[in-house]
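# Per-entry structural report
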Amino acid sequence: MKRLFWVGVGVAVGVTATRKVNELTQKATPSGIGTSLGEGLRELGAGLGAFGAEVRAGMNERSEELYAMVEDTTEIPLRPDDTPTSARHARAPRRGASHAR
């Protein structure tokens, strides 16, 4: 019974090791490296986009705080127009975006 147990353990370890080696060899191929690089760049882009959104939200919030503080102190309305802050800082369209591809 002990031998059968150890044979089972050996088979499980062998299968696991074989799968790990196959994964590593797949990652070492040019297509595997390209896939890993693509996934990393997608994650980086998503992280940068989220960071940019947080920075813009913080800028807008701080801008509103400063406007409110100056208006309360001086009692002079300073806001240039009634458009929301996010509309003033909206992203301009990309050059060539109107051209159909």
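Criteria and cut-off values
Residues numbered from 1 in each chain as written. Predicted model: local features only at pLDDT ≥ 70, side-chain atom pairs only at ≥ 80, totals over all residues. Heavy atoms only, no water. Salt bridge = Lys/Arg side-chain N within 4 Å of Asp/Glu carboxyl O. Helix = DSSP H or I, 4+ residues; strand = E, 2+ residues; numbered from the N terminus. Contact = heavy atoms within 4.5 Å. pLDDT = per-residue confidence, 0-100. Phe/Tyr/Trp six-rings, centres within 6.5 Å; stacked < 30°, edge-to-face > 60°. Buried < 20%, exposed > 50% of the residue type's maximum accessible area, 1.4 Å probe, protein only. Axes fitted to C-alpha atoms, helices over the stretch in contact; angles between N-to-C directions. Parallel < 35°, antiparallel > 145°, perpendicular 65-115°, else oblique. Nonpolar A, V, L, I, M, F, W, Y, C, P; charged D, E, K, R; others polar.

With an unreviewed UniProt entry as reference, the protein is termed Secreted protein, source organism Actinomycetospora chlora.

## Digging into the pattern of salt bridges
Any two side chains of opposite charge can pair if their charged atoms end up close together. The full count for this structure, using the stated rule, is one salt bridge. Residue Glu65 is joined to Arg62 by a salt bridge in which the shortest nitrogen-to-oxygen separation is 3.2 Å. Here the residue Glu65 and the residue Arg62 both occupy positions in helix H2 (residues 30-74), the gap between them amounting to three residues, near one helical turn.

## Considerations on the environment of Val70
Here Val70 is to be found in helix H2. Not counting chain neighbours up to four residues away, the residues in contact with Val70 comprise Glu75 and Leu78.

## Topic: the confidence of the model for the protein
Confidence in the prediction of the protein, expressed as mean pLDDT, is 84, and 78% of residues score 70 or more. By mean pLDDT, helix H3 (residues 85-88) is the weakest element of the protein at 54, and H2 is the strongest at 93.

## Remarks on the packing of aromatic side chains
Across all of its chains, the model carries one aromatic pair by this definition. Ring geometry for Phe5 versus Trp6: centroids 5.1 Å apart, planes at 75 degrees, classification edge-to-face. Trp6 gets classed as exposed once you look at its relative accessible area, which sits at 57%.

## Focus: the packing of helix H1 (residues 2-28) against H2
To characterise two packed helices, one gives the angle between the axes of the helices and the distance between these axes. As a packed pair, H1 and H2 sit with axes 4 Å apart at the nearest point and diverge in direction by 85 degrees. The pairing of H1 with H2 is recorded here as roughly perpendicular in orientation. Packed against H1, whose contacting residues are Gln26, Lys27 and Ala28, the element H2 presents Pro30, Ser31, Gly32 and Ile33 at the interface. Residue composition of the contact of H1 with H2, by class: three nonpolar, three polar and one charged.

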